[in-house]
Structure formats: C-alpha cells, structure tokens
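So the chains spell out like this:
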Amino acid sequence: MTNKLFLTSAFALFSIAVSAQNVQLHYDFGRNIYSGEEAGRQKVTMTLEQFKADKWGSWFYFVDVDFSRKFTEGAYTEISREFNLGKQSPFAAHIEYNGGLNRFGSFQQAALVGAAWNNHNSDFSKTWSLQLMYKHYFKSYENTHSYPGLQLTGVWGLNFFDRKFTCSGFIDFWRGEKANGHGQLVILTEPQFWYNFNPHFSLGSEIEISSNFVYNTYNDKSFFVNPTVAAKWNF
C-alpha cells in the first residue's frame, strides 16, 4: 500500500545526503464492498516508508503491516537500491527485493533488476519515474515454484495549490502465473490523494485498483477496486 513517491527524485539528489520517512494508517473498505470475494481482507494497514539518497544513488523501502479484527494478517516489504548512471543523468540501475510473512506462512519472494528513468519539474512539485525490470519469483512455500517474468512500473507525485494537495501513486504491470501454470498479466495501481494540513500531517485516501492480483477462490472475478480512508505523518 505504498506510493513509492520518494523514488522519483533520487537521481537529482546524488550529491547530498537526503532522508525522508512517513507512516500511514489506512482503513480499508474492500471487505465491505466485496463481502464474498474479499471476506478475509484486512481492515487496517499501517505503512512505513523511508527514502535515503546519497552520492551514488538511493535506498528505498516500505513495510505494509495488515491487521484484521483478531489477527496481524501479515507484513510485506519491498526494498530497492538505485545507482545513478552519471552525475546529471536521469537514468539509474535498479535492484529490488519483494517478500514478507503472513499468518499462514509467507508471501512468495521475488528479486528484480533493471533500469529506471527518473525526472521532475524545476521545483520538484511534479516528479515521475519509469522502471523496466527482470523479475524472478522463487519457490517460497508449498505449491509455489521458481519462474521468470518482467515488470514495468510507473511512479508519480503531483503537488498543487502551494503543496496543500498531493496526488501520488504507482502502477505496476508484471507477468504472473495462474494456478495451472499459464502466464497472465497482473496490473496493480494505488493512486493516493492527500490534503496536507502542514508539512507533517495529511488526511486522504488510497484506491487500490487491480486485475489478476487479488487471490479469489469465491468466483471468477479478477478486477477489484478497494478504497481506503487514511492519515499520514511525515517525519
């Protein structure tokens, strides 16, 4: 449930040490909208994000911790490192790890490697990034296996009205697999909309829109729209 926003300005900050961190709390309406297909979906997600730039590139990670009424459902993380390809170049080499644990075991782990194109306008009120990566899934638990794929990711951050309003988010396209082993296109996007009361505190919403992403044994539905109400604190 991350917006990946901090990644987009990393290449421009190569000469100074910059760090930013936020924590978000989301109440998810998915199980209310899809009472059959998503009856077990988490009610609350807490997200911790941190970005740190240095003279070589940047580090970024987020951790999503999902809570239901009775359980901590799981903790999922993505950790990435970018290496700038030249002092003034918008291009960077990108490596990444995806994985985590849930109360049934674990998420299937994956490693990604590829290239990123990062850019922004003159005052950094608008930032964007495009990443093309080879993605490899590993056998992580029973009934999973190792297989290769590709992932295309777009990230954006837009600030309006003297930075009082922020629209940020990402969209991922990648090759997943069906239960029968056949490949399928998975799409996941999570636009966020925030009203910034001050540099630290924001209220808003995230809308998770996905195709072939939600695990659903209830019927054949594969497209879902799951909105949240959310609060964010920037450290």
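Everything discussed here concerns the structure shown above.
No experiment lies behind these values; they were computed from the predicted model shown.

Draft legend 1. Region of the structure containing the overall build of the chain. A count of helices and strands for the chain gives one helix and 14 strands. Since a compact globule built from 235 residues should have a radius of gyration of about 18 Å, the 18 Å found for the chain is in line with a globular shape. Oriented by its inertia axes, the alpha-carbon framework of the chain measures out at about 50 × 40 × 25 Å. Within the chain, the fraction of its 235 residues that count as buried is 46%. For the chain, restricting intrachain contacts to residue pairs at least 6 apart in sequence, the fraction spanning at least 24 positions comes to 50%. The positive charge centre, built from 20 side chains, and the negative charge centre, built from 20, are 3 Å apart in the chain.

Draft legend 2. Geometry of the environment of Asp54. Relative to the helices and strands, Asp54 resides in the loop between strand E2 (44-53) and strand E3 (57-67). Along the sequence, Asp54 and Asp220 sit 166 residues apart, while their C-alpha atoms lie 46 Å from each other. Within the structure, the side chain of Asp54 is placed 2.9 Å from the backbone nitrogen of Trp56, a separation counted as a polar contact. Within the structure, the side chain of Asp54 is placed 2.9 Å from the side chain of Arg81, a separation counted as a polar contact.

Draft legend 3. A look at the environment of Leu158. Note on placement: Leu158 falls in strand E9 (residues 147-160). For Leu158, a relative accessible area of 25% translates into the label partly exposed. Discounting residues that sit within four places of it in the chain, Leu158 has contacts with Ser125, Lys126, Phe165, Thr166 and Cys167.

Draft legend 4. Region of the structure containing the pattern of salt bridges. Taken as a whole, this structure holds six salt bridges when the rule is applied. Between Arg41 and Glu208 there is a salt bridge whose closest N-O contact spans 3.2 Å. Taken together, the residues span a long stretch of sequence, with Arg41 in the loop between helix H1 (30-33) and E2 and Glu208 in strand E13 (residues 201-211) at a distance of 167 residues. An identical accessibility class is assigned to Arg41 and Glu208; each is buried. Glu73 serves as the salt-bridge partner of Arg103, at 2.9 Å between the closest nitrogen and oxygen. In this pair, Arg103 is assigned in the loop between strand E5 (91-102) and strand E6 (105-106) and Glu73 in strand E4 (residues 72-84), connecting sequence segments 30 residues apart. Connected via shared salt-bridge partners are Asp28, Glu38, Arg41 and Glu208.

Draft legend 5. A look at the pairing of strand E8 (residues 126-137). Alignment of strand E7 (residues 110-120) against E8, held across 11 bridges, turns out to be antiparallel. Paired with His120 across the two strands is Thr127, which belongs to E8. Linking E7 to E8, which pair antiparallel, is a turn of five residues; within it Phe124 sits at a positive phi near 65°. Relative to E9, E8 is paired through 12 bridges, and the arrangement is antiparallel. Note that in E9 the partner of Gln131 across the bridge is Thr153.

Draft legend 6. Representation of the side chain of Asn159 within the structure. Among the secondary structure elements, Asn159 is positioned in strand E9. Here Thr166 takes part through its side chain, which lies 2.7 Å from a polar atom of the side chain of Asn159.

Draft legend 7. Here's a closer look at the packing of aromatic side chains. This structure, assessed with the given rule, holds 10 aromatic pairs. Considering the side-chain rings of Tyr34 and Phe224, the 4.9 Å spacing of their centres and the 75° angle between planes classify their relative orientation as edge-to-face. With Tyr34 in the loop between H1 and E2 and Phe224 in strand E14 (residues 223-234), this pair connects stretches of sequence that are 190 residues apart. Members of the aromatic cluster, joined through ring pairs, are Phe161, Phe165, Tyr195, Phe197 and Phe201.

Draft legend 8. Molecular detail of the side chain of Arg81. Looking at the secondary structure, you find Arg81 in strand E4. Accessibility expressed as a relative area gives 4% for Arg81, which makes it buried.

Draft legend 9. Examining the environment of Ala115 more closely. Topologically, Ala115 is positioned in strand E7. Judged by relative accessible area, which is 42%, Ala115 ranks as partly exposed. Residues Ala115 and Leu130, 15 residues apart in the sequence, show an inter-C-alpha distance of 8.5 Å. Once residues within four sequence positions are removed from consideration, Ala115 is found in contact with Ala92, His94, Leu130, Gln131 and Leu132.

Basis of the calculations
- Residues numbered from 1 in each chain as written.
- Predicted model: local features only at pLDDT ≥ 70, side-chain atom pairs only at ≥ 80, totals over all residues.
- Heavy atoms only, no water.
- Helix = DSSP H or I, 4+ residues; strand = E, 2+ residues; numbered from the N terminus.
- Rg over C-alpha atoms; globule rule 2.2 N^0.38 Å.
- Buried < 20%, exposed > 50% of the residue type's maximum accessible area, 1.4 Å probe, protein only.
- Contact = heavy atoms within 4.5 Å.
- Lys, Arg positive; Asp, Glu negative; His and termini not counted.
- Charge placed at Lys NZ, Arg CZ, Asp CG, Glu CD.
- Polar contact = N/O pair within 3.5 Å; in protein donor to acceptor, adjacent residues only side chain to side chain.
- Salt bridge = Lys/Arg side-chain N within 4 Å of Asp/Glu carboxyl O.
- Pairing = 2+ DSSP bridges.
- Phe/Tyr/Trp six-rings, centres within 6.5 Å; stacked < 30°, edge-to-face > 60°.

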